[in-house]
Every structure is written in C-alpha cells, then in structure tokens.
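Each chain is listed here by its residues.
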Amino acid sequence: MRNIALQCLQRAKDLIVKDDEISAKYACLELRFCIEYITYSQLQTYIQEVPDETVKKWTPKQIISVLREADPNADKNHKISIGKQDAKGITAKTMKYLGEEQRFSLEWANTRHNALGNFLHAPTLSQIENYESPTKEKILKKANEVVAEIDKILSSPIFNVNFGVFYEFVCTFCNTKIKCRNKSISKELGIVCTSSRCKAVYDIVSEQNDDVVFKLREMEIICPSCDKSNFVGSHLIAYGNSFPCVHCGGKAEIQYALVPL
Ligand SMILES: [Zn+2]
Ligand SMILES: [Zn+2]
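Residues numbered from 1 in each chain as written. Chains lettered and ligands numbered in written order. Predicted model: local features only at pLDDT ≥ 70, side-chain atom pairs only at ≥ 80, totals over all residues.

Concerning the overall build of the protein
Counted only if it meets this: For helices the rule is a DSSP run of H or I covering at least 4 residues; for strands it is a run of E covering at least 2, with both sets numbered from the N terminus onward. We compute the radius of gyration from the C-alpha atoms alone; for a globule the expected value is 2.2 Å times N to the 0.38, where N is the number of residues. Every C-beta atom is placed from the backbone, and the number of other C-beta atoms within 10 Å of a residue's own sets its class: buried at 20 or more, exposed at 12 or fewer, partly exposed in between. What counts as a contact here is a pair of residues whose C-beta atoms, placed from the backbone, lie within 7 Å.
When you go through the protein residue by residue, the secondary structure sums to six helices and 11 strands. A globule of 261 residues ought to have a C-alpha radius of gyration of about 18 Å, yet the protein, at 26 Å, is considerably larger. The 261 residues of the protein split such that 21% are buried. A separation threshold of at least 6 residues defines the contact pool for the protein, and within that pool the share at least 24 residues apart is 51%.

Overview of the sheet that holds strand β6 (residues 201-208)
The condition is simple: Here a strand pair is declared whenever DSSP counts at least two bridges between the two strands.
Overall, antiparallel pairing links the three strands, which are arranged β5-β6-β7 in an open sheet. On the outer flanks of this sheet lie β5 (191-192) and β7 (211-216), each paired with one strand and no other.

Observations concerning helix α1 (residues 2-16)
What counts here: What a helix should span is 1.5 Å times the count of its residues minus one. The arc in question is the one traced by the directions running from the helix axis out to the C-beta atoms.
The end-to-end C-alpha distance of α1 is 21 Å, a good match for the 21 Å that 15 residues give at a rise of 1.5 Å each. Taken as a whole, α1 has its buried residues at Ala5, Cys8, Leu9, Ala12, Leu15 and Ile16. Along the axis of α1, the buried residues cluster in a sector spanning 125°; they form a single face. Among the structural elements, α2 (21-45) and α6 (136-155) are those in contact with the buried residues of α1.

Quick notes on the nonpolar core
Condition: The term nonpolar core refers to a group of buried residues, namely Ala, Val, Leu, Ile, Met, Phe, Trp, Tyr and Cys, whose C-beta atoms join them within 7 Å.
Of all hydrophobic cores here, the largest spans 33 residues; its most connected members are Ala12, Ala27, Cys28, Leu31, Cys34, Leu67 and Ala143. Broken down by element, the residue count for this core peaks at nine residues, all from α2. Sequence-distant contacts of Ala27, defined by excluding residues within four places in its chain, comprise Ala12, Leu15, Ile16 and Ala143. Counting nine residues, the second largest nonpolar core, distinct from the first, contains Ile178, Ile191, Cys193 and Ala200.

Here we look at the domain arrangement of the protein
Note the cut-off: Residue ranges assigned to the domains are those given by an automatic or database domain assignment. When residue character is reported, Ala, Val, Leu, Ile, Met, Phe, Trp, Tyr, Cys and Pro are called nonpolar, Asp, Glu, Lys and Arg charged, and the others, Gly included, polar.
Taken domain by domain, the protein holds domain 1 (2-155), domain 2 (166-216) and domain 3 (219-253). For domain 1 versus domain 2, the separation of C-alpha centres amounts to 31 Å. Counting from both sides, the interface comprises eight residues of domain 1 and, opposite them, seven residues of domain 2. Looking at the side of domain 1 that touches domain 2 residue by residue, the classes come out as three nonpolar, one polar and four charged.

Concerning the environment of Ser196
Inspection of the secondary structure assignment puts Ser196 in the loop between β5 and β6. Judged by the 11 C-beta atoms lying within 10 Å of it, Ser196 is exposed. In sequence terms Ser196 and Asp52 are 144 residues apart; their C-alpha atoms lie 6.2 Å from each other. Ignoring any residue separated from it by four or fewer positions in sequence, one finds Ser196 in contact with Pro51, Asp52 and Glu53.

Focus: the pairing of strand β8 (residues 218-222)
With zero of five residues buried, β8 is to be regarded as a mostly surface element. Across five bridges, β8 lies against strand β9 (residues 229-233) in antiparallel orientation. Residue Ile221 lies in a different strand from β9, and its bridge partner there is Asn230. Connecting the antiparallel pair β8 and β9 is a turn made up of six residues, with Asp227 showing a positive phi of about 65°.

Overview of the environment of Ala109
Within the element layout of this structure, Ala109 appears in helix α4 (residues 106-117). For the pair Ala109 and Thr59, spaced 50 residues apart in sequence, the C-alpha separation works out to 9.3 Å. The contacts of Ala109, once residues within four sequence positions are left out, are Ile35, Thr39, Pro60, Ile64 and Phe104.

Put into structure tokens, the structure is as follows:
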C-alpha cells in the first residue's frame with residue numbers, strides 16, 4: 001500500500017510540474033488516492049484490532065475513526081526510542097532516539113481529501129456564471145500543500161508502528177482471535193468480537209499480572225414455560241432470536257410487546 005501511495009505521489013508531482021489546469025486536476029486525483037492508500041496501510045497495521053467490516057470502508061474519515069477507537073493515538077506522530085530496562089515496568093535509564101513516525105490526523109486527512117475532491121467535478125452553473133470556477137493557481141496551491149505533508153509521511157524511515165499492551169483470546173462463539181489494547185477497553189462497552197457476524201461481548205472479570213480472565217457478557221432470561229432462569233449472550237438479545245430453555249427444552253422467542261404501565 002505504501003509503495004502504491006509513493007507511485008501516486010510521484011505521478012502527482014509529475015502532473016504538477018506541467019503547470020496547466022487539466023494536469024493540476026489529475027494531480028488532485030492522484031493525491032486523493034495517495035491519502036487513501038496511506039490510510040489503508042495504517043489500517044493493515046491495526047487489522048486484528050478493528051471490526052472485520054472496516055476493510056469495506058474507503059474514506060479516510062471512516063477508517064481513521066475506527067483506528068482511533070482501537071488506539072486513541074492512531075492518527076498522531078510517534079517518537080521511537082529504545083533502551084535496556086533494569087526491570088519490567090521500569091523505564092530504561094538511557095534511551096536511544098531512533099526517529100519519528102509521521103502520520104496525518106483524522107482532521108487533516110478528512111479536510112484535504114474533501115478539498116481535493118472539490119476540484120474533481122465540473123464547475124456548477126453558479127460558479128461559471130459568477131466566475132468562481134477554481135483557478136489553476138488555486139488547485140496547484142492545494143495540491144502543493146498536500147504534497148508537502150505526504151512527502152514527510154512517505155519519506156519517514158519509521159512507519160506503521162503499533163506498540164501497546166494487548167490481550168488476546170479466542171471468541172467462544174465464532175473462534176475469531178480477538179486482540180485488544182488494554183488501554184482502549186471500555187468497561188461499559190466491553191470487548192466486542194471483531195467478526196461482524198458475531199459481535200459477542202466480553203468483560204474482564206479478573207486481572208492479576210499476566211493472568212487475565214475474560215467472560216462472555218450474558219443476560220438472564222426467564223423461561224416463559226417453566227419460569228426458570230437461563231443465561232444467553234447479551235449480543236444475541238435481538239428481535240426474532242429464539243432460545244431453547246436448558247431446564248425444560250421449551251423455546252422462547254424475543255418479540256416486542258406493548259405492556260400496561
Ligand atoms: Zn465471535
Ligand atoms: Zn424452561
């Protein structure tokens with residue numbers, strides 16, 4: 001993805017130096033592709049941590065929003081240093097600076113992606129009548145601004161860094177391997193299976209050093225046939241789903257009902 005982005009950037013630069021309006025517009029198209037490929041490249045770095053349906057998304061805004069849910073720092077630059085720790089959990093006394101990974105922010109990617117897109121359609125009748133069609137100078141100014149930022153990102157020798165403390169376990173419903181960053185776990189939302197067909201929710205019930213226990217989030221339902229309680233995955237509580245009772249074998253289906261208050 002990064003190599004394809006580099007090719008787009010080079011084509012954009014070649015078009016910009018032609019210094020005519022048509023080439024400038026095609027440069028904007030290449031730069032939009034470039035922003036998209038860089039975003040896809042970052043998505044690949046987080047692919048195990050995000051819902052599987054993220055690969056169907058295509059706008060930088062959509063994708064980076066999902067990445068930020070997995071890692072709040074996903075759209076920030078990262079300075080990388082290494083050092084030898086005396087003990088686990090203790091910062092090394094001396095650190096060697098390796099460099100900085102450059103990333104664009106959600107806001108930058110979204111505004112520039114949209115701004116470039118504005119040059120990729122015919123001017124409206126209103127723009128033509130009011131002499132407000134984008135000029136070559138305006139298009140090239142925006143293109144050059146984007147090139148400068150993307151140049152920094154693609155020339156960085158450090159890229160697609162993804163550090164963190166992760167938990168990994170297998171979903172008992174669909175066998176998907178779930179990987180989540182410990183700092184991104186919300187107590188309310190739990191850990192959601194990344195398979196779009198499953199979405200089972202897990203909670204951490206105990207955590208001692210490296211020993212972490214996950215439990216499926218369940219809801220109690222009372223069997224209407226025998227009045228005994230059953231527990232089912234909370235992600236399965238949806239209209240039309242039915243459950244067999246573990247006590248009497250009777251089936252119950254979830255339906256909506258109006259009840260008197
Ligand atoms: Zn699952
Ligand atoms: Zn029952």
